[in-house]
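# Tertiary structure, described
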Amino acid sequence: MNVDLGKVDKLIDKYRDEEAAYIPLLQDINSEFRYLPRDALKRVSQKMEVPLSHLFRLATFYKSFSLVPRGEHEIQVCMGTACHVRGAPRVLNKITQQFQIYPGETTADQKFTVETVNCVGACALGPLVVFDGKYFGHLNLSRTDKLLEGYHEENKKSS
Ligand code: FES
């Protein structure tokens, strides 16, 4: 994937005079590209004179960073115990079949990333999915279908 290094340079300039501002810089790059492209990390390493290994350490330490491209939409299926016993595996199956990906993967069109998470603290709503930060609870197969259809419709309108 080609990375617009001009965008990376602009972000670097924003933090150039701040000492050890690598984390906010990496956060900005991660939100710009929805992950941390290797070429962007190399650029930061050269321009800010920080070892690439240090940037990789930060990138792998913080869960909010990703070293692989992520989708425009993030779907997290809770697989904590309460959700699991109420049918989360069926919900997860439905979603991964629909998108033809495994948990942890992103669709080829870069639209959706599906992953599993442990308890998100809303067990009474289980089984639940967090879709772009919004909670959708009490899911069964038909509600999951409706949820996905809604996003497909929205996607068609915006594309
Ligand atoms: S187990 Fe899913 S929210 Fe707690």
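Source: prediction; values computed, not measured.

Bringing the side chain of Asp28 into the picture now. Here Asp28 shows up in helix 2 (residues 22-33). A polar contact of 2.7 Å, which involves the side chain of Asp28, links it to the side chain of Lys14. Sequence-distant contacts of Asp28, that is, excluding residues within four places in its chain, are made with Leu11, Lys14 and Tyr15.

Right, let's talk about the environment of Pro37 for a bit. For Pro37, the position within the fold is in the loop between helix 2 and helix 3 (38-48). Overall, the relative accessible area of 1% leaves Pro37 in the buried class. Pro37 sits 43 residues away from Gly80 along the chain, and the two C-alpha atoms are 31 Å apart. The contact partners of Pro37, leaving out residues within four places of it in the chain, are Val3 and Ile29.

Before going further, it helps to examine the pairing of strand 2 (residues 112-117). Counting buried residues in strand 2 gives five out of six residues, a clear majority hidden from the surface. Bridge count for strand 1 (residues 73-78) against strand 2 is six bridges, and the pairing is parallel. Directly across from Gln76, in strand 2, lies its bridge partner Glu115.

This part covers helix 6 (residues 88-99). Its twelve residues place the ends of helix 6 17 Å apart at the C-alpha level, agreeing with the 16 Å of an ideal helix rising 1.5 Å per residue. Looking one or two residues beyond helix 6, the residue adopting positive phi is Gln100, at roughly 55°.

Its location among the elements puts His73 in strand 1. The class for His73 is buried, based on a relative accessible area of 13%. Within the local environment of His73, its side chain forms a polar contact with the side chain of Asp132, the two groups lying 2.6 Å apart.

For the coordinates displayed, the defined rule picks out nine salt bridges. Its salt-bridge partner being Glu32, residue Lys7 comes within 3.1 Å of it at the nearest N-O pair. Taken together, the positions of Lys7 in helix 1 (residues 5-15) and Glu32 in helix 2 put the pair 25 residues apart, joining distant regions of the chain. For Lys7, a relative accessible area of 38% corresponds to the partly exposed category. The exposure class assigned to Glu32 is partly exposed, which follows from its relative accessible area of 38%. A salt bridge links Glu115 to Arg70; the nearest nitrogen and oxygen atoms lie 3.3 Å apart.

We now examine the sheet that holds strand 2. Reading across from one edge, 2-1-3-4 is the order of the four strands in this open sheet, with mixed pairing throughout. Since the sheet does not close on itself, it has two edges, and those belong to strand 2 and strand 4 (134-136), each with one partner. Averaged over neighbouring strand pairs, the angle between their axes works out to 25° when direction is ignored. The pairing of strand 1 with strand 3 (residues 129-131) spans three bridges and is antiparallel. Residue pairing across strands places Gln76 opposite Val130, the latter belonging to strand 3.

Reading the values: rules and limits
Residues numbered from 1 in each chain as written. Predicted model: local features only at pLDDT ≥ 70, side-chain atom pairs only at ≥ 80, totals over all residues. Heavy atoms only, no water. Helix = DSSP H or I, 4+ residues; strand = E, 2+ residues; numbered from the N terminus. Polar contact = N/O pair within 3.5 Å; in protein donor to acceptor, adjacent residues only side chain to side chain. Contact = heavy atoms within 4.5 Å. Buried < 20%, exposed > 50% of the residue type's maximum accessible area, 1.4 Å probe, protein only. Pairing = 2+ DSSP bridges. Expected span 1.5 Å × (residues − 1). Salt bridge = Lys/Arg side-chain N within 4 Å of Asp/Glu carboxyl O. Axes fitted to C-alpha atoms, helices over the stretch in contact; angles between N-to-C directions.

None of this, on its own, says anything about what the molecule does.
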